[in-house]
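A look at the structure
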Amino acid sequence: MNTKIIKIDENNIEKDKVKEITKAFSDGKLVVIPTETVYGLGANGFDEEACKNIFKAKGRPMDNPLILHIADVEQIDELVSEIPQVAKDCMEMFWPGPLTMILKKSDKMSDVVTAGLDTVAIRMPSHKIAREILKDCKLPIAAPSANLSGRPSPTAFKHVDEDLNNKVDIIVDGGTSNVGIESTVIDMTSNPPMILRPGYVTYEDLKVLIPDLAVDNTTIDAKDKTVPKSPGQKYKHYAPKADAYCFVGNLEGVVKEVNKRVKENEDKKIAILATAETKDGYEGADLVIDLGSRENMQEIAHNLFEALRKCDTEDIEIIYAEGFDFRGIGAGIMNRLLKACGGKIVFGL
Ligand code: TXA
Ligand code: MG
């Protein structure tokens, strides 16, 4: 398939380009669009065949449901059968933005989108280009992250191009994604509501509206082997090709332990995912990536997937990653790191 690239400047969104994308969605085509979290591989959520093609293009297991993206809360009525008050409150507070809500689905929703579940995931992105497209096409756009299944999610056009060129009809090049990790997923059908995937909208943010908010423990505890409530969480996502390890504890202890391991594995190509505070303390690694300052966790989230992809392009064999507190956006970062490491986490340093 010949993939067309459409470059859009978010400060000057040309109407004719938006119309071309709307037409492509109406015609059942696959279009990758930028969002504030990561790029999404989109299709008309009412078009079952087009949605099946999403799974084919990504190599995604059919039991992993898709998120529907909308521009306007009025679109929801067609997609769900009920909206609890707490979900309405969250919409008011966090939409548009990186929060996905799981709600009871309507009869109109295809089993392809929901992977046969009786619930459906919905989010209203805040990215300017995504919003213009969603407003114009007035369709719920089903879109998982626009990576090949198992690879880190794409936060820049070049990542999408690496994974999906020739597999989709159109890729919109809209620059880099600000947030850099995928949306927070919250199940509004359980009582109390439960976070199924931590993200940029944090536990602490949501707790203001939901005092008894629950968290699926498997998303933040590598040792918890129960089946995650969100189908996508059971797959080894975000996985770089290298063997990866994460180190949690006192920073001095982390640097010391990592330096020791680097020495023990001299023959291997090693990368360290470090922070501004520690990067100068490492010795002997082939690559030390500065994810940003620990004072600015948003910057670290923003840089994480790019760093994991860089390890792949540099043919890194071992990754040693510094860990973070599970507080705030740190929970989202640690969830992705734990998956990248396949749960190999070293505590107590
Ligand atoms: O930020 C994001 O959410 C990005 C952008 C493109 O919007 N999308 C994204 O989609 O990360 P995806 O498909 O890579 O992740 C969606 C997650 C998966 O873990 C999936 O299993 C879960 O949401 N999910 C979708 N529908 C669900 C449902 N009905 N019940 C439970 N989990 C669901
Ligand atoms: Mg994904």
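Residues numbered from 1 in each chain as written. Chains lettered and ligands numbered in written order. Predicted model: local features only at pLDDT ≥ 70, side-chain atom pairs only at ≥ 80, totals over all residues. Heavy atoms only, no water.

1. Topic: the domain arrangement of the protein
On domain assignment, one finds that the protein holds domain 1 (4-219) and domain 2 (243-346). Between the C-alpha centres of domain 1 and domain 2 there is a distance of 28 Å. Contacts between the two partners involve 26 residues from domain 1 and, on the opposite side, 16 residues from domain 2. Summed over the shared surface of domain 1 and domain 2, the result is 5 salt bridges. Between Arg-151 and Asp-312 there is a salt bridge, with its nearest N and O atoms 2.9 Å apart. Our enumeration of links across domain 1 and domain 2 arrives at 15 residue pairs in polar contact (both at pLDDT 80 or more). For the side of domain 1 that touches domain 2, a count of residues per class yields 7 nonpolar, 12 polar and 7 charged. (Domains from an automatic or database assignment. Contact = heavy atoms within 4.5 Å. Salt bridge = Lys/Arg side-chain N within 4 Å of Asp/Glu carboxyl O. Polar contact = N/O pair within 3.5 Å; in protein donor to acceptor, adjacent residues only side chain to side chain. Nonpolar A, V, L, I, M, F, W, Y, C, P; charged D, E, K, R; others polar.)

2. Here's the deal with the confidence of the model for the protein
Note: predicted coordinates in regions of low pLDDT should not be interpreted at a detailed level. Scored by pLDDT, the protein has a mean of 96; 99% of the residues are at 70 or more. Within the protein, the lowest mean pLDDT, 92, falls on strand E16 (residues 345-346), and the highest, 99, falls on strand E2 (residues 31-33). (pLDDT = per-residue confidence, 0-100. Helix = DSSP H or I, 4+ residues; strand = E, 2+ residues; numbered from the N terminus.)

3. Looking at the packing of aromatic side chains
This model, assessed by the stated rule, comprises 2 aromatic pairs. Plain terms: the ring middles of Tyr-245 and Tyr-320 are 5.9 Å apart, the flat faces sit at 45° to each other, and that makes the pair tilted. With Tyr-245 in strand E12 (residues 243-247) and Tyr-320 in strand E15 (residues 318-322), the pair connects residues that are 75 residues apart, well separated along the chain. What makes Tyr-320 buried here is its relative accessible area of 3%. With centroids separated by 5.6 Å and ring planes inclined at 70°, the aromatic side chains of Phe-247 and Tyr-320 adopt a geometry described as edge-to-face. (Phe/Tyr/Trp six-rings, centres within 6.5 Å; stacked < 30°, edge-to-face > 60°. Buried < 20%, exposed > 50% of the residue type's maximum accessible area, 1.4 Å probe, protein only.)

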